[in-house]
Structure formats: C-alpha cells, structure tokens
Amino acid sequence: MSILHTVNKSPYEKNSLDSCLSLAKEGSAVLLIEDGVYAALKGAAKEPRMKEAAQKIKLYVLGPDLKARGMAEDRVIEGVEIVDYAGFVDLAATHDKVNAWL
Amino acid sequence: MKFAIQVNEGPYQHQAADSAYQFTKAALEKGHEIFRVFFYHDGVNNATKLTTPPQDDRNIVNRWSELAEQHNLDMVVCVAAAQRRGIVDEGEAKRNGKDAENIAPGFRISGLGQLVEAGIQADRLVVFGD
Amino acid sequence: MSEEEMMDDEVVKKFMFVNRRAPYGSIYALESLEVVLIAAAFDQDVSLLFSDDGIYQLKKGQETAEVGMKNFSPTYRALEMYDVEKLYVSQTAMDERGISKDDLIVEVEVLNDEALADLMDDQDVIFSF
C-alpha cells in the first residue's frame with residue numbers, strides 16, 4: 001500500500017507539511033502544490049527537513065505552481081522531482097490512494 | 001482509471017478550484033474516466049451562473065460547464081452545503097419558496113450520498129481544498 | 001428512492017475521515033461530520049482521525065449560545081448509534097496542545113505517529129475537509 005500525500009500550504013504559514021512528513025511512511029510520496037511549493041526551495045529554512053524526508057519518501061513539486069510564483073527550476077532542492085498536471089494524474093494513479101493535507 | 005474529484009473551496013478565493021479543474025482536465029486528456037466531480041463546503045459556489053469576473057480573467061464557472069459538456073462530466077453540488085450558501089436550481093427554489101435559481105449549466109444538486117458513492121465507485125478520490 | 005437504495009452493489013470500503021481543524025472558526029468540522037453520518041448510512045467501514053487542531057472538535061463543555069452558533073459536539077456522542085465506533089486521536093496533537101483524554105467528549109483510541117501512519121496506510125479512501 002502506498003499513499004500520495006498532497007500538501008498545498010506554505011510550510012512558513014501552516015504546519016501541514018510537518019504533519020504530513022511525520023506520518024508519511026517509507027515508500028510513499030509527497031507532492032507539493034499551490035503554496036506548498038515554497039517547501040521545495042533551496043537555501044530556505046525547510047531545506048534540511050526536506051532532504052531528510054527525501055531519504056525515505058519520494059518528493060515531487062508541481063511545476064506550473066512553481067512557475068506561477070516566479071521560482072525557477074534550478075532553485076528546487078535536489079531530489080525533489082518536478083511534475084506537471086499530467087504527472088500529478090500519473091502519481092495519483094500509481095499510488096493506492098491520495099491524502100490531501102488541507 | 002476512474003477518478004472522483006472533491007472540491008472544497010469556491011472559485012477565485014483559493015486556488016483549489018483551479019487546481020481541481022487542471023487536474024480533471026489533465027486526467028481526461030490522459031484517457032482516464034472522471035466518475036464525478038463533487039462540490040462541497042464553499043466549493044458549491046463554483047456552480048453559480050451569476051459569476052461575472054472581469055473580461056481579462058478566467059471564468060471558472062463557465063470553464064467547468066464547458067468541460068462538463070465536452071466530456072459528459074457528472075458535476076454534483078451538495079444540497080445541504082448549497083442551501084446554506086444560496087445555490088439553487090429550479091426544484092430547490094420552488095421547494096424553498098425562492099423566486100430565483102442560479103445554477104450554471106452542467107451542474108446538478110444532490111445529496112452527500114453522491115460523494116460517498118463516488119468514494120465507493122471510483123478507484124481514487126482526489127480532494128482539493130484550502 | 002433513498003440514496004442507499006440507489007447503490008447497486010455492496011462494496012464495503014475503508015473510509016477514513018481526517019479532521020485537522022478546530023470547530024466554529026470554520027465550517028469544515030461540522031460539514032465533515034455530515035459526510036460521516038451519510039457514509040455510515042451506506043454501511044462503509046468508517047474511521048475518524050482527529051489530529052492537529054482537529055482534536056479541539058472533541059473538547060468537552062462546548063457552549064455556543066453567546067457566539068450564536070449551533071453546538072454540534074453532541075453529535076460525536078451519537079456516532080455510536082450509527083455504528084461509527086472507530087475514533088482515533090493523535091498523541092502528538094494532544095501533547096502539543098496540552099489536551100488529555102479526560103478533556104474529550106467521547107471515548108477515543110490515542111495513537112502515536114507510527115500507529116497512525118499504519119492506520120492510514122490500511123485505508124481505501126481518505127476524505128479531507
């Protein structure tokens with residue numbers, strides 16, 4: 001069984017990312033969307049937490065949401081994969097269920 | 001694969017309605033089936049045809065209606081949530097003694113059982129909200 | 001015809017309702033509870049998880065007269081009548097907020113993060129509000 005977790009909140013405003021990461025099991029995936037994409041950026045306070053998480057879970061970020069917010073792809077933490085909406089659909093299909101951390 | 005989509009927020013205030021639309025569109029383009037799009041909480045506001053955004057902005061309500069027409073989408077608005085927020089079709093208007101209806105084309109008002117049924121019948125439920 | 005009768009087969013799925021928000025400040029808690037009651041009527045295997053601020057939904061002694069809103073907390077006590085008996089609460093959320101089991105209006109099972117992660121993994125569908 002594997003879960004695709006989606007996080008749509010900035011980790012600098014809400015605790016959704018932390019709550020999600022503390023319950024995401026090995027083999028599951030986290031997709032950052034909407035304001036959640038701010039967690040995917042290098043040189044920011046959440047980078048160490050994300051790198052630690054990347055050891056056991058797959059991390060993704062929605063490209064269109066990054067782009068809309070003026071964040072170039074080269075600012076994304078290594079190990080976080082960028083996907084588009086079609087990729088989001090694929091992730092939802094390849095995991096057993098989707099858990100939205102609203 | 002059969003997807004069910006749940007939309008918890010209204011148009012414009014949060015990105016949730018946009019994300020849900022983009023996801024639904026991408027899933028359809030990839031050949032997946034959308035079992036149902038269910039609008040709950042303030043999400044019911046996606047269904048008001050009285051929406052009049054500025055011309056240079058997207059029309060979120062029309063966009064849903066068009067997608068529904070193109071793909072024969074089942075778009076359901078929760079009746080209890082809709083009643084609280086003033087989204088009514090002709091039947092609901094009559095039943096509740098209102099002199100107007102405002103539901104946009106392609107949407108229908110029904111019970112929460114439709115969300116539960118979507119959870120049962122679809123392979124995946126994807127929730128968009130705030 | 002009732003919605004229940006409209007179901008043409010008898011699939012039973014494990015439904016988990018994740019409650020992460022406090023009551024009254026927004027409508028999510030109340031409207032989430034409305035879905036739970038319907039899911040129970042459909043004879044699904046329903047679990048409720050209260051984590052983060054969601055644990056405040058279960059606080060004893062809610063009195064809403066002065067804010068002019070409906071106190072819906074008694075509904076949690078009625079869940080048993082709908083055969084909704086799997087109520088789980090996050091230990092982490094309780095500790096963070098200084099809330100103990102005695103503060104809660106219903107009997108719950110308190111789980112640590114690891115047990116919660118396993119429980120989530122075991123579900124078929126996760127509803128978030």
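Description of the structure in this document. Note that the coordinates shown come from a computational prediction; the quantities given were computed from them, not determined experimentally.

### What about the overall build of chain B?
Here's step 1: Secondary structure summary: chain B contains five helices and five strands in total.
Here's step 2: Listed N to C, the secondary structure of chain B is β-α-β-α-β-α-α-β-α-β in terms of helices and strands.
Here's step 3: Counting every position in chain B, which comprises 130 residues, the buried fraction comes to 62%.
Here's step 4: A sequence separation of at least 24 residues applies to 79% of the contacts in chain B between residues at least 6 apart.
Here's step 5: Carbon and sulfur atoms provide 41% of the accessible area of chain B, an area that totals close to 5300 Å².

### Here we look at the interface of chain C and chain B
Here's step 1: Listed by partner, the interface residues are 25 residues for chain C and 24 residues for chain B.
Here's step 2: When chain C packs against chain B, close to 1900 Å² is buried across both sides, 56% of that on carbon and sulfur atoms.
Here's step 3: Our count for the chain C to chain B interface comes out at three salt bridges.
Here's step 4: A salt bridge links Glu 34 of chain C to Arg 84 of chain B; the nearest nitrogen and oxygen atoms lie 2.7 Å apart.
Here's step 5: Linking chain C to chain B there are twelve residue pairs in polar contact (both at pLDDT 80 or more).
Here's step 6: Breaking the side of chain C that touches chain B down by element, the ones donating at least two residues are helix H1 (3–6), helix H2 (28–41) and strand E5 (125–128) of chain C.

### Describing a negative patch on the surface
Residue and element names in this part refer to chain C.
Here's step 1: A surface patch of like charges, here negative, comprises Glu 10, Asp 43, Glu 80, Asp 83 and Glu 85.
Here's step 2: Along the polypeptide, Asp 83 turns up in the loop between helix H3 (74–78) and strand E3 (86–90).
Here's step 3: The exposure class assigned to Asp 83 is exposed, which follows from its relative accessible area of 63%.

### A look at the sheet that holds strand E2 (residues 45–50) of chain C
All names here are of chain C.
Here's step 1: Spatial ordering of the open sheet is given by E4-E3-E2-E1-E5, a layout of five strands whose pairing is parallel. The two strands at the open ends of the sheet, each matched to only one other strand, are strand E4 (109–111) and E5. Pairs of neighbouring strands in the sheet enclose a mean axial angle of 25 degrees, with direction left out of account.
Here's step 2: Alignment of strand E1 (residues 14–19) against E5, held across four bridges, turns out to be parallel. Along E5, the bridge assignment pairs Phe 15 with Val 125.
Here's step 3: Where H2 meets the sheet, its contacts fall on E1 and E2, and the angle it forms with E1 comes to roughly 165 degrees.

### Some points on the packing of helix H5 (residues 113–121) of chain B against H2 of chain C
Here's step 1: At a minimum axis separation of 9 Å, H5 of chain B and H2 of chain C run at an interaxial angle of 65 degrees. H2 of chain C is crossed by H5 of chain B, and the crossing has right-handed handedness. Residues Gly 113, Leu 115 and Val 116 of chain B of H5 of chain B form the contact with H2 of chain C, whose participating residues are Val 35, Ile 38 and Ala 39 of chain C.

### With respect to the sheet that holds strand E2 (residues 33–39) of chain B
All names here are of chain B.
Here's step 1: The strand order across the open sheet formed by five strands is E4-E3-E2-E1-E5, and the pairing between neighbours is parallel. Each having just a single partner strand, strand E4 (107–110) and strand E5 (124–128) make up the two edges of the open sheet. Going across the sheet, the axis of each strand differs from the next one's by a mean of 25 degrees, ignoring polarity.
Here's step 2: Pairing geometry for strand E1 (residues 2–7) and E2, over six bridges, is parallel. Bridge pairing in E2 links Lys 2 to Glu 33.
Here's step 3: Running over the sheet, helix H1 (residues 16–29) touches E1, E2 and E5 and is turned about 170 degrees from E1.
Here's step 4: Contacts from H5 reach E1, E2, strand E3 (75–78), E4 and E5 within the one sheet, and its direction differs from that of E2 by about 150 degrees.

### Comments concerning unusual backbone geometry
Here's step 1: Although it is not a glycine, His 41 of chain B sits at a positive phi angle of roughly 45 degrees.
Here's step 2: Positive phi is not limited to glycine here, since Asp 43 of chain C has a value of about 60 degrees.
Here's step 3: Tracing the chain through its elements places Asp 43 of chain C in the loop between H2 and E2.
Here's step 4: Residue class for Asp 43 of chain C comes out exposed when judged on its relative accessible area of 54%.

### Looking at the packing of aromatic side chains
Here's step 1: If you walk through the whole model with that rule in mind, you get 17 aromatic pairs over all chains.
Here's step 2: Between Phe 39 of chain B and Trp 64 of chain B, the ring centres sit 5.2 Å apart and the planes meet at 85 degrees, which makes this aromatic pair edge-to-face. Of this pair, Phe 39 of chain B sits in strand E2 while Trp 64 of chain B sits in helix H2 (residues 60–71), and the two are 25 residues apart along the sequence. For the residue pair Phe 39 of chain B and Trp 64 of chain B, the accessibility class agrees, reading buried in each case.
Here's step 3: Considering the side-chain rings of Phe 127 of chain C and Phe 129 of chain C, the 6.4 Å spacing of their centres and the 5 degrees angle between planes classify their relative orientation as stacked.
Here's step 4: Owing to a relative accessible area of 0%, Phe 127 of chain C belongs among the buried residues under this scheme.
Here's step 5: The class of Phe 129 of chain C is buried, set by a relative accessible area of 5%.
Here's step 6: By way of ring pairs, the aromatic residues Phe 38 and Tyr 40 of chain B together with Phe 15, Phe 17, Phe 127 and Phe 129 of chain C are connected into one cluster.

Cut-offs and rules
Residues numbered from 1 in each chain as written. Chains lettered and ligands numbered in written order. Predicted model: local features only at pLDDT ≥ 70, side-chain atom pairs only at ≥ 80, totals over all residues. Heavy atoms only, no water. Helix = DSSP H or I, 4+ residues; strand = E, 2+ residues; numbered from the N terminus. Buried < 20%, exposed > 50% of the residue type's maximum accessible area, 1.4 Å probe, protein only. Contact = heavy atoms within 4.5 Å. Areas by Shrake-Rupley, 256 points an atom, 1.4 Å probe, with all protein chains shown as cover. Buried area = accessible area lost by both parts, 1.4 Å probe. Salt bridge = Lys/Arg side-chain N within 4 Å of Asp/Glu carboxyl O. Polar contact = N/O pair within 3.5 Å; in protein donor to acceptor, adjacent residues only side chain to side chain. Patch = residues over 30% accessible without salt bridge, like charges linked within 9 Å, V, L, I, M, F, W, Y side chains within 5 Å. Lys, Arg positive; Asp, Glu negative; His and termini not counted. Charge placed at Lys NZ, Arg CZ, Asp CG, Glu CD. Pairing = 2+ DSSP bridges. Axes fitted to C-alpha atoms, helices over the stretch in contact; angles between N-to-C directions. Left-handed = near helix turned anticlockwise from the far one by under 90°. Phe/Tyr/Trp six-rings, centres within 6.5 Å; stacked < 30°, edge-to-face > 60°.

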